[in-house]
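Observations on chain architecture
Spelled out from the first residue to the last, the chains are:
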Amino acid sequence: MAILDIAKITEGRTVLEVPNPSKYTFQGQYAPFKAPVFYNPRMEFSRDIAILALRSFTKTRKGPLHICDPLGGLGARGVRYAKEVEGIEKSVIGDLNHEAIPLIKRNAILNGVENLVEVVEKDANLLLTEHAEPGGRFDFIDVDPFGPPTPFLDSAIRALKNKGVLAITATDTAPLCGVHTKACIRKYGAVPLHNEFCHETGLRIMIGTLAREVLKYDFGVDVLLSYSVDHYFRAYVRATMGAKRGDLSASKIGYLLYCPECGWRGAVKLNSQILCNCGVCGKPLRRGGPLWIGALADRDFLEALSGQDLSEMNTKKRISKFLTILEAEKDMPVSYYVLDWISSKLKCDVPAIGKVIQRLKELGYDSGLTHFHPKAIKTNAPYEIISDVVREAKSRLQ
Ligand SMILES: C[S@@+](CC[C@H](N)C(=O)[O-])C[C@H]1O[C@@H](n2cnc3c(N)ncnc32)[C@H](O)[C@@H]1O
Ligand SMILES: [Zn+2]
């Protein structure tokens, strides 16, 4: 067994023993995969948001909460939840890696939460299945794997209480963004779109797959928060019992249609008649999905997140900017427009993004930035209007 060389770091209010970054390197950089126990400092932003999300959720939930981090690594999530979120009665942290177990225990003790933390060396699906009976289920489960979350979705749903929240991460962005179509079809049962708004399509495929897994148990889903950043997708989804809730969720599963020729795009429901050709230019359309065509965030949940004290978070500046954009884009239609892409199609210079947004607003459309891409806008303006604004922006606005 390798001897783990450790260092101490702080995330939020939690001190963690982690693999020494100077010891496990590749080409001079810390390489999480080289360490005997996995820890990725780049995911601190994701963990900070997870703390805020779980705090928001606990405020809406009565009684002491039982939560599970079944792919726990060294306990960065499960220990932080126990330490930083009030109302957690039990945080069950699992991992298959034998060497992770003593480190999770040490991290729990280091933070004085060893009485709240239960550490289990077990396959995640087995752990979740053992909690699938009434009385044993969790209020919140965080599925944070390597690659796709899909191998763990069914057992996670069965281990979740009614109105519980399931948080999922996908790091296999290449399949979800259409770089590896076959892998996306295998892992998610959905066809991706390899185009300029592939990150939103990928996120919607991940959520759509979860929604379809939930439906078969006559549960419906509400997406509380979801996003695409860095090298991963993340979603927080509440599952509520009831066939009617399921029907409502099913009505938010569909396809994204896209014209690679003129850039037109639109969302259609699962049972709609599917157009084969673009209504604008007549060229064949591409179809992505099935995927989630409903909202990507919940207004109240986002408000509860934004209203929290961020002062303890190392990533506070990034979080606050990020939440502002998420709030602004939450009611916008599906997909976004990358200005570089439109400009190259129109063979014109790329206009300043602020000016395009302003002009669309002057014309009476909603328009704003999106977290999906720094040079993209979300708007309810039709594609023809957006192209006109981009084409004319240089001469008229600058
Ligand atoms: C991406 S890492 C988790 C990182 C952790 N959540 C964090 O935020 O630091 C995935 C972890 O899952 C563990 N793992 C992989 N397959 C597993 C399985 N089938 N059951 C339980 N743990 C597993 C790995 O050992 C690894 O620690
Ligand atoms: Zn077209």
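Computed from a predicted model, the values in this text were never measured in an experiment.

Helices and strands together make up the secondary structure of the protein, namely 14 helices and 17 strands. Radius of gyration (C-alpha) of the protein: 22 Å, near the 21 Å computed for a compact globule of 398 residues. Residue burial in the protein is summarised as follows: out of 398 residues, 54% are buried. Restricting to contacts in the protein with at least 6 residues of sequence separation, those with at least 24 account for 67%.

Here we come to the coordination of the zinc ion (ligand 2). For the zinc ion (ligand 2), the full set of protein donor atoms is Cys 259 (SG), Cys 262 (SG), Cys 278 (SG) and Cys 281 (SG), at a range of 2.3 Å. With four donor atoms in place around the zinc ion (ligand 2) and angles of 99 to 120° between them, the coordination shape is tetrahedral. Sequence positions of the donors to the zinc ion (ligand 2) reduce to the motif C-x2-C-x15-C-x2-C. Under the relative-accessibility criterion, Cys 259 is labelled buried at 0%. With relative accessibility at 14%, the residue Cys 262 sits in the buried group.

So, on to the sheet that holds strand β13 (residues 265–269). Spatial ordering of the open sheet is given by β13-β12-β14, a layout of three strands whose pairing is antiparallel. With one partner strand each, in any of the chains shown, β13 and β14 (286–292) form the two edges of the open sheet. Each strand of the sheet is rotated relative to its neighbour by a mean of 25°, with strand direction disregarded. As paired elements, strand β12 (residues 253–258) and β14 share five bridges and run antiparallel to each other. From the neighbouring strand, Ile 253 faces β14, where its bridge partner is Trp 292.

Moving on to the site of ligand 1. Lining the immediate environment of ligand 1, one finds 18 residues, of which Arg 47, Asp 95, Asp 123, Ala 124 and Asp 144 sit closest. Contact distances for ligand 1 include 3.1 Å between an oxygen atom and a side-chain N or O atom of Arg 77. The contact in question runs from a nitrogen atom of ligand 1 to an N or O atom on the backbone of Ala 124, over 2.8 Å. For ligand 1, whose free accessible area comes to 600 Å², the fraction covered by protein is 88%. Among the residues making up the shell around ligand 1, the classes are represented as nine nonpolar, three polar and six charged.

For the protein, the domain assignment lists domain 1 (39–292) and domain 2 (336–398). Put simply, the middle of domain 1 and the middle of domain 2, counted by C-alpha atoms, are 32 Å apart. On the side of domain 2, 10 residues touch domain 1, which itself brings 15 residues to the contact. Taken as a group, Glu 196, Glu 200 and Arg 265 account for 46% of the area that domain 1 buries against domain 2, more than any other trio of residues on that side. Linking domain 1 with domain 2 are one salt bridge. Residue Glu 200 is joined to Lys 378 by a salt bridge in which the shortest nitrogen-to-oxygen separation is 2.8 Å. Secondary structure elements with two or more residues in the side of domain 1 that touches domain 2: α8 (198–215) and β10 (219–229). Among the elements that line the side of domain 1 that touches domain 2, the one with the most residues is α8, at four residues.

Let us look at the pattern of salt bridges. Tallying each qualifying case throughout the model produces 27 salt bridges. In this structure, Glu 312 and Arg 13 form a salt bridge, with 3.1 Å as the shortest nitrogen-oxygen distance. You can see Glu 312 sitting in the loop between α10 (299–306) and α11 (316–329) and its partner Arg 13 sitting in the loop between β1 (6–11) and β2 (14–19), a full 299 residues away along the chain. Exposure remark for Glu 312: the relative accessible area of 32% places this residue in the partly exposed category.

This brings us to the environment of Asp 5. Along the chain, the position of Asp 5 falls in the segment before β1. Residues Asp 5 and Pro 36, spaced 31 residues apart in sequence, show a C-alpha to C-alpha distance of 9.3 Å. Those residues in contact with Asp 5 that sit more than four places away from it in its chain are Val 18, Pro 19, Asn 20, Lys 23 and Tyr 24.

Attention now goes to the packing of helix α1 (residues 44–59) against α10. The contact between α1 and α10 brings their axes to 9 Å, and the two run at 115°. Judged by the sense of rotation from one axis to the other, the crossing of α1 with α10 is right-handed. Mapping the contact onto sequence places Leu 52, Ala 53, Ser 56 and Phe 57 in α1 and Phe 301, Ala 304 and Leu 305 in α10.

In the structure shown here, the tally under the stated rule is 12 aromatic pairs. Ring centres 6.3 Å apart and planes at 70° place the aromatic pair Tyr 227 and Tyr 232 in the edge-to-face group. Both residues of the pair, Tyr 227 and Tyr 232, count as buried. Here Tyr 336 and Phe 372 contribute two aromatic rings whose centre-to-centre distance is 5.3 Å and whose plane-to-plane angle is 10°, an arrangement assigned as stacked. Taken together, the residues Tyr 336 in the loop between α11 and β15 (337–338) and Phe 372 in the loop between β16 (367–370) and β17 (373–379) connect sequence positions 36 residues apart. Phe 372 matches Tyr 336 in its accessibility class, with the two residues each being buried. Through successive ring pairs, a cluster of aromatic residues spans Phe 45, Tyr 227, Tyr 232 and Phe 322. Geometry around Tyr 255 places Arg 287 over its ring, the cationic atom sitting 4.6 Å from the centre. Over the aromatic face of Phe 45 sits the side chain of Arg 318, whose NZ or CZ is 4.0 Å from the ring centroid.

Quick notes on the rules
Residues numbered from 1 in each chain as written. Chains lettered and ligands numbered in written order. Predicted model: local features only at pLDDT ≥ 70, side-chain atom pairs only at ≥ 80, totals over all residues. Heavy atoms only, no water. Helix = DSSP H or I, 4+ residues; strand = E, 2+ residues; numbered from the N terminus. Rg over C-alpha atoms; globule rule 2.2 N^0.38 Å. Buried < 20%, exposed > 50% of the residue type's maximum accessible area, 1.4 Å probe, protein only. Contact = heavy atoms within 4.5 Å. Donors = N, O, S within 2.8 Å, 3.2 Å for Na, K, Ca; no water. Tetrahedral: all angles 85-135°; square planar, octahedral: opposite > 155°, others 65-115°. Pairing = 2+ DSSP bridges. Axes fitted to C-alpha atoms, helices over the stretch in contact; angles between N-to-C directions. Near = heavy atom within 4 Å. Polar contact = N/O pair within 3.5 Å; in protein donor to acceptor, adjacent residues only side chain to side chain. Areas by Shrake-Rupley, 256 points an atom, 1.4 Å probe, with all protein chains shown as cover. Nonpolar A, V, L, I, M, F, W, Y, C, P; charged D, E, K, R; others polar. Domains from an automatic or database assignment. Buried area = accessible area lost by both parts, 1.4 Å probe. Salt bridge = Lys/Arg side-chain N within 4 Å of Asp/Glu carboxyl O. Left-handed = near helix turned anticlockwise from the far one by under 90°. Phe/Tyr/Trp six-rings, centres within 6.5 Å; stacked < 30°, edge-to-face > 60°. Lys NZ or Arg CZ within 6 Å of the ring centre and 35° of its normal.

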